[in-house]
2 protein chains.
Amino acid sequence: MATMKDIADKLGISLGTVSKGLNGGKDISEDLRKTILDTAVEMGYINRKALREDMRRIALFVENMDYEEEGSFGYDIVMGFQKASFSEKWNFSVIPLSHEIQSDNKYESFMLQEKYSGAFFIGLSLDDPWTEQLRTTTIPTVLLDNAIEKNPMVSSVGTDSTEGIDAAIQYLTSLGHEKIAFLNGSAGSFISDDRMTAYLSSMARYGLNVDPNLAVYGYFVADCAPYHVPGFIDRGATAILCGNDLIASGVIKTINEMGLSVPDDISVIGFDDIPIAETLKPALTTIRQSRTGIGKCAYFTLYSLINGVPISKSLLRPEFIIRDSVAVAKPRIAAKRENDPDSVMFVNPDLYAHFSRINMM
Amino acid sequence: MATMKDIADKLGISLGTVSKGLNGGKDISEDLRKTILDTAVEMGYINRKALREDMRRIALFVENMDYEEEGSFGYDIVMGFQKASFSEKWNFSVIPLSHEIQSDNKYESFMLQEKYSGAFFIGLSLDDPWTEQLRTTTIPTVLLDNAIEKNPMVSSVGTDSTEGIDAAIQYLTSLGHEKIAFLNGSAGSFISDDRMTAYLSSMARYGLNVDPNLAVYGYFVADCAPYHVPGFIDRGATAILCGNDLIASGVIKTINEMGLSVPDDISVIGFDDIPIAETLKPALTTIRQSRTGIGKCAYFTLYSLINGVPISKSLLRPEFIIRDSVAVAKPRIAAKRENDPDSVMFVNPDLYAHFSRINMM
């Protein structure tokens, strides 16, 4: 393991300068500070202070998600993490994660400089600059709804999509639904692909055909609904499963604007159970993620990593919440309209190729 | 929540008798004791003593696995669990799990009687009498290499088969292997199906065809090798992946008895990295499960369940251990022999149907 002296020798600078670089001293240039930190990381220098029990620090990076207001998705996750870590004397900081921080700092250099022993990322995207660096990091790191293959220092936490979506499809089939559309969140996100896989495999499990025009990616916002819902209805869908509750709220609005009713004409199911779900009209049937549970699970997982237990992933049970937005299927005749490619974003071609041979119409 | 008085009223017996039944008093009949315990469970009676911190008790049930000798698979798991739970004042008992215990007691009644707050099962089979009761249990329960769908009180822990087998197949393909056979463990076990799925999906990932005669279930013992290895070799396999290290030891022995050499003629990979793996000749390349890690992970997971965090499953990273039993592929001509159905147990038909349309020869 490298010492401060090794770093000083390698860079041909004094021990005092290395110390200033590592400990945030003021009178060295920003460039030199970065060089020192990056060299320390490359040489495997471990900051012993970060390991002292009374100074244990964890970073919670939050991106693409509200977390400051009570009831927001991120808030409950942060609270859960805080509750689980509270009794064990961890200090943690919530850090809004910008592309700027990531461009200005290497991940490990940032962690070393700030003396964090580990991190939990909420909302990191696959195209974030630090994502690539996570493939080889040696810092205990937990990701929500994202996974890094084969790096034992990085764990994934999230909700078991397979079980949640299976509960929804099972419930819909018990009420006679067969043409079940899926309006997913954004393409290219780990969690969207996970939910699409879950949808396709659950449809296969109940012997239902998948029409590729009914299994599409949108975005994780209500406004994507008008682009897809009319097409679903033309093709005879009797139920629409949504990638999250916001999408579901847009779907209900679009259906109403078309002069149809939820659930009498079309059933709708969300995902997440955010606070608006039960105030929608009709109150939304949805797949609940335990946000506090995710935060607690993330802490247990990070604690395990820090203690040398290489957890690959931990998944939480979803809870299927039955409210008023689903009814017995009302069979409808599909309009004989050709597919309009402009209005439909097809399912990820790889996933689709995988499943289409199994349960294509 | 039911009280002892509720139980007494329901059964028409005295409070003192109920107390004797719940607390192991001697002067009541065994039949009455069971009736009292079963009624307590049905009515949701919770033994407050079991929740007192200084009396917290956990049961570790072990079945179908050696655990008493150092170096045995179960021993390290038990030690890992003990190490992780040690600092938190849990008392735990290791209980060999027989069919007799299960037939004589309902699971929840046994747990209530012995005042256990939760349990970890190592080696439970799907056909065990208690497995069905786990579908609805409200007692925090963690299972190794088994899963119960949709019960938030039951978690699964194990090693990430997908990642481990993917590392093995990737390594073999990098050395030119294409005809890679898989001699799995016993059919009908959760973990065998998990590993078969991982094998099929990894073969598809690297664009390799699967010959159903090369993807078979055996048993988790060395002696199953002679029944399958000659057929694999006739069909041109250049590498054999095994469901565990014991199978791999039998495979190497069979290959040697056929006058062939490992790894010059055939490469062999195991699973587990039990102590014999590195003493085999040649030393076995294998997918290591961290047994201590599994024990620790099981404790963290059980602790989470007890604290109301409904973890569905936690998986540990495997580690791919490269030793001497794999070499560059030596292409061999498949003998033109018809499949002999008596000597081959085909892959689970459901799994096979699922994947065969994707990557059939």
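A short tour of the structure in this document, coming up. (Residues numbered from 1 in each chain as written. Chains lettered and ligands numbered in written order. Predicted model: local features only at pLDDT ≥ 70, side-chain atom pairs only at ≥ 80, totals over all residues. Heavy atoms only, no water.)

Topic: the overall build of chain A
The test is simple: Working definition: helices are DSSP H or I runs of at least four residues, strands are E runs of at least two. Numbering for both runs from the N terminus. Working definition: with a 1.4 Å probe on protein chains only, accessible area under 20% of the residue-type maximum means buried, over 50% means exposed, and in between means partly exposed. Contacts are residue-level and defined by heavy atoms, with any inter-residue pair within 4.5 Å sufficient. Surface accessibility follows the Shrake-Rupley procedure with a 1.4 Å probe radius. Residue values consider only the protein chains on display as shielding.
From N to C terminus, chain A includes 14 helices and twelve strands. With 361 residues in all, chain A has 55% of them scored as buried. Here the analysis covers contacts within chain A between residues at least 6 apart in sequence; of these, 71% occur between residues at least 24 apart. Summed over its atoms, the accessible surface of chain A is roughly 15,500 Å², and 52% of this surface lies on carbon and sulfur atoms.

Quick word on the packing of aromatic side chains
Note the following rule: Here a Phe, Tyr or Trp ring, Trp counted by its six-membered ring, pairs with any other such ring whose centre lies within 6.5 Å, and the pair is stacked when the planes are under 30 degrees apart, edge-to-face when over 60, and tilted otherwise. Any Lys NZ or Arg CZ that is within 6 Å of a ring centre and within 35 degrees of that ring's normal is treated as a charge sitting over the ring.
Summed over the entire model, instances satisfying the criterion amount to 30 aromatic pairs over all chains. For the ring pair Phe300(A) and Tyr303(B), a centre distance of 5.6 Å and an interplane angle of 90 degrees mean the geometry is edge-to-face. Taken together, the residues span two chains, with Phe300(A) in helix α13 (residues 291-306) and Tyr303(B) in helix α13 (residues 291-306). Across the pair, exposure class does not vary: Phe300(A) and Tyr303(B) are buried alike. Cluster of aromatic residues (ring-pair linked, three or more members): Phe81(A), Phe92(A), Phe120(A), Tyr299(A), Phe300(A), Tyr303(A), Phe81(B), Phe92(B), Phe120(B), Tyr299(B), Phe300(B) and Tyr303(B). Here the guanidinium or amino end of Arg56(A) rests over the ring plane of Trp90(A), the centre of that ring lying 4.1 Å away.

Section: the side chain of Asn244(A)
Residue and element names in this part refer to chain A. Looking at the element boundaries, Asn-244 is found in the loop between β8 (239-242) and α12 (245-257). For Asn-244, a relative accessible area of 7% translates into the label buried. The contact partners of Asn-244, leaving out residues within four places of it in the chain, are Phe-220, Gly-270, Phe-271 and Asp-272.

Brief notes about the packing of helix α1 (residues 4-11) of chain B against helix α2 (residues 15-23) of chain B
Residues and elements named next belong to chain B. Let me state the cut-off plainly: Lines fitted to C-alpha atoms define the axes here, with helix axes fitted over just the stretch in contact, and angles between the N-to-C directions of these axes take values from 0 to 180 degrees. The scheme is simple: roughly parallel for angles under 35 degrees, roughly antiparallel for over 145, roughly perpendicular for 65 to 115, oblique for anything else. Should the near helix be turned counterclockwise from the far one by less than a right angle, the crossing is left-handed, whereas a clockwise turn marks it as right-handed. Any residue that is not Ala, Val, Leu, Ile, Met, Phe, Trp, Tyr, Cys, Pro, Asp, Glu, Lys or Arg is counted as polar, Gly included; the first ten are nonpolar and the last four charged.
Close contact between α1 and α2 brings their axes to 9 Å; oriented N to C, the two are set at 110 degrees. Considered as vectors, α1 and α2 are oriented roughly perpendicular to each other. The two elements α1 and α2 meet at a crossing, and its hand is right-handed. On α2, the residues that touch Met-4, Lys-5, Ile-7 and Ala-8 of α1 are Leu-15, Val-18, Ser-19 and Leu-22. Taken together, the residues of the contact of α1 with α2 break down into six nonpolar, one polar and one charged.

Looking at the relation of the copies chain B and chain A
So the rule is basically this: The copies were overlaid with a least-squares fit restricted to C-alpha atoms from residues scoring a pLDDT of at least 70 in each copy.
Rotating chain B by 180 degrees and translating it 0.0 Å along the rotation axis places it on chain A, where the RMSD comes to 0.1 Å. A rotation of that kind, with that shift, is consistent with a two-fold axis. The C-alpha atom lying nearest the rotation axis in chain B is that of Ser314(B); the distance is 2.1 Å.

Focus on the sheet that holds strand β12 (residues 319-321) of chain A
Residues and elements named next belong to chain A. Selection criterion: Here a strand pair is declared whenever DSSP counts at least two bridges between the two strands.
Across the sheet, which stays open at both edges, the six strands sit in the order β7-β6-β8-β9-β10-β12 with mixed pairing between neighbours. Every interior strand has two partners, whereas the edge strands, β7 (215-218) and β12, have only one. Pairwise comparison of adjacent strand axes, ignoring direction, gives a mean angle of 20 degrees for this sheet. Where strand β10 (residues 285-288) and β12 come together, three bridges link them in antiparallel fashion. Paired with Thr-286 across the two strands is Ile-321, which belongs to β12. With respect to the sheet, helix α9 (residues 161-174) is in contact with β6 (180-186), β8, β9 (267-272), β10 and β12, its orientation differing from that of β9 by roughly 165 degrees.

Things to note about the interface of chain B and chain A
This is how the line gets drawn: Note on definitions: buried area is the accessible-area loss of two parts on being combined, 1.4 Å probe, summed for both. For this document, the term salt bridge refers to a Lys or Arg side-chain nitrogen within 4 Å of an Asp or Glu carboxyl oxygen. Under the rule applied, a polar contact is a pair of N or O atoms within 3.5 Å (in protein, one hydrogen donor and one hydrogen acceptor; residues adjacent in sequence only if both atoms are side-chain atoms).
The interface is formed by 33 residues belonging to chain B together with 33 residues belonging to chain A. Surface buried jointly by chain B and chain A totals about 2,800 Å² across both partners, of which 55% is contributed by carbon and sulfur atoms. At the surface where chain B touches chain A, the tally comes to four salt bridges. Of the charged contacts in the structure, one is a salt bridge between Asp166(B) and Lys150(A), with a shortest N-O distance of 2.8 Å. Between chain B and chain A we count 23 residue pairs in polar contact (both at pLDDT 80 or more) in total.

Digging into the environment of Ile274(A)
Checked against the element boundaries, Ile274(A) lands in the loop between β9 and β10. Expressed as a C-alpha distance, the spacing of Ile274(A) and Ser72(A), which sit 202 residues apart in the sequence, is 7.6 Å.

Some details on the pattern of salt bridges
A side chain of one charge can pair with a side chain of the opposite charge if their charged atoms are brought near each other. Residue and element names in this part refer to chain B. Counted according to the given criterion, the structure contains 30 salt bridges over all chains. A salt bridge links Lys-5 to Asp-9; its shortest N-O distance comes to 3.0 Å. With a gap of four residues between them, Lys-5 and Asp-9 both fall in helix α1, about one helical turn apart. Put simply, Lys-253 and Glu-257 hold a salt bridge, and the shortest N to O gap is 3.8 Å. Remark: Glu-257 and Lys-253 occur in helix α12 (residues 245-257); sequence separation between them is four residues, near one turn of the helix. Given a relative accessible area of 53%, Lys-253 falls into the exposed group.

Here's the deal with the sheet that holds strand β11 (residues 311-316) of chain A
Taken together, the twelve strands give an open sheet; going across it, the order is β2(A)-β1(A)-β3(A)-β4(A)-β5(A)-β11(A)-β11(B)-β5(B)-β4(B)-β3(B)-β1(B)-β2(B), and neighbouring strands pair in mixed fashion. Of all the strands in the sheet, just β2 (91-96) of chain A together with β2 (91-96) of chain B have a single pairing partner and so form its edges. If you compare each strand with its neighbour and ignore which way they point, the axes differ by 15 degrees on average. When strand β1 (residues 57-62) of chain A meets strand β3 (residues 118-122) of chain A, the two strands line up parallel, connected through five bridges.

Quick notes on the pairing of β9(A)
The line we're drawing: A clockwise path from the first strand over the helix to the second, with the strands pointing away from the viewer, defines a right-handed crossover.
Of all six residues in β9(A), six are buried, a share of seventy percent or more. Handedness of the β-α-β unit built from β8(A), α12(A) and β9(A) comes out right-handed.

The values are spatial; any link to function lies outside them.
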